[in-house]
Each structure stands twice: as C-alpha cells, then as structure tokens.
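# Tertiary structure, described
One-letter residues, chain by chain:
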Amino acid sequence: RSGKVLRVFREESRVIVEGVNLRKKHERARRANQKGQMIEIAMPIHVSNVALIEDGKPVRVGRRLVGEKWMRVSRKTGKEI
C-alpha cells in the first residue's frame, strides 16, 4: 500500500502514513443529543517498513556529493530525488 507521510517521529524512528496501519477507536457521545461513533486513526509504523516510490515501484535511496551539497539519489536509476 502507498500513501503520503503525514508525520515523522524522529526519536522513535516511526512515521504516520496516510491510509496505512489504520486502527478503529470507539468514541463516546460527548453531549446528550450526540451519538457515539467509531473513528479510524492512522497509527505509526517503523521507518524500515517504508520506502520511496519512483515510477510505481519502491526504490532504495543513496547519497551523492554534488558540488558542496549531498543529494538523495535513487539506487536503481541514479536520478536525483
């Protein structure tokens, strides 16, 4: 599955990806006239289980020194990301 990275937790090495690893949470009614409901919440997954996608396929990332800056590079094609 694929989705957009919504949030990054650097200390824990985890990310939240849109539409991936959803958990249902039961929510109680707050007021008398409101109904309780079930909400889907995206839970974090480990960074090692996430990959960039290039042309619809997962790609590993490398680094290349260009001038004085390090650029992220696709290992498969060598293109800059």
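Because the structure is a prediction, the values reported are computed rather than measured. (Residues numbered from 1 in each chain as written. Predicted model: local features only at pLDDT ≥ 70, side-chain atom pairs only at ≥ 80, totals over all residues. Heavy atoms only, no water.)

So, about the confidence of the model for the protein chain. Mean pLDDT over the protein chain: 91, with 100% of residues reaching 70 or higher. The lowest-confidence element of the protein chain is strand 6 (residues 52-54), averaging 89 in pLDDT; the highest-confidence one is strand 5 (residues 45-46), averaging 96. (pLDDT = per-residue confidence, 0-100. Helix = DSSP H or I, 4+ residues; strand = E, 2+ residues; numbered from the N terminus.)

Strands in a sheet are paired, the pairing made by backbone hydrogen bonds, and the direction either parallel or antiparallel. Spatial strand order, 1-2-5: 3 strands in an open sheet with antiparallel pairing. Of all the strands in the sheet, just strand 1 (5-9) and strand 5 have a single pairing partner and so form its edges. Here strand 1 runs beside strand 2 (residues 14-17); their pairing, made up of 4 bridges, is antiparallel. Looking at strand 2, one finds that Val8 is bridged to Val15. (Pairing = 2+ DSSP bridges.)

Moving on: the environment of Val73. Locating Val73 in the fold gives a position in strand 9 (residues 69-74). Residue Val73 is classed as buried on the basis of its relative accessible area, which comes to 5%. Considering only alpha carbons, one finds Val73 and Arg31, 42 residues apart in sequence, at a separation of 53 Å. Beyond its immediate chain neighbours, meaning those up to four positions away, Val73 contacts Arg60, Val61, Gly62, Arg64, Gly78, Lys79, Glu80 and Ile81. (Buried < 20%, exposed > 50% of the residue type's maximum accessible area, 1.4 Å probe, protein only. Contact = heavy atoms within 4.5 Å.)

Below, the discussion takes up the side chain of Glu54. Positionally, Glu54 belongs in strand 6. No salt bridge is formed by the buried Glu54; the nearest opposite charge belongs to Lys79, separated by 5.0 Å. Setting aside residues no more than four positions away along its own chain, Glu54 makes contact with Val59, Ser74, Thr77 and Lys79. (Lys, Arg positive; Asp, Glu negative; His and termini not counted. Salt bridge = Lys/Arg side-chain N within 4 Å of Asp/Glu carboxyl O.)

All chains considered together, the criterion is met by 0 aromatic pairs. Across the ring face of Trp70, the terminal group of Arg63 is positioned such that the distance to the ring centre comes to 4.6 Å. (Phe/Tyr/Trp six-rings, centres within 6.5 Å; stacked < 30°, edge-to-face > 60°. Lys NZ or Arg CZ within 6 Å of the ring centre and 35° of its normal.)

So, about the pairing of strand 9. As judged from the 6 bridges shared by strand 8 (residues 61-66) and strand 9, these two strands associate in the antiparallel manner. By the bridge assignment for strand 9, Gly62 is matched with Val73. Linking strand 8 to strand 9, which pair antiparallel, is a turn of 2 residues; within it Gly67 sits at a positive phi near 70°.

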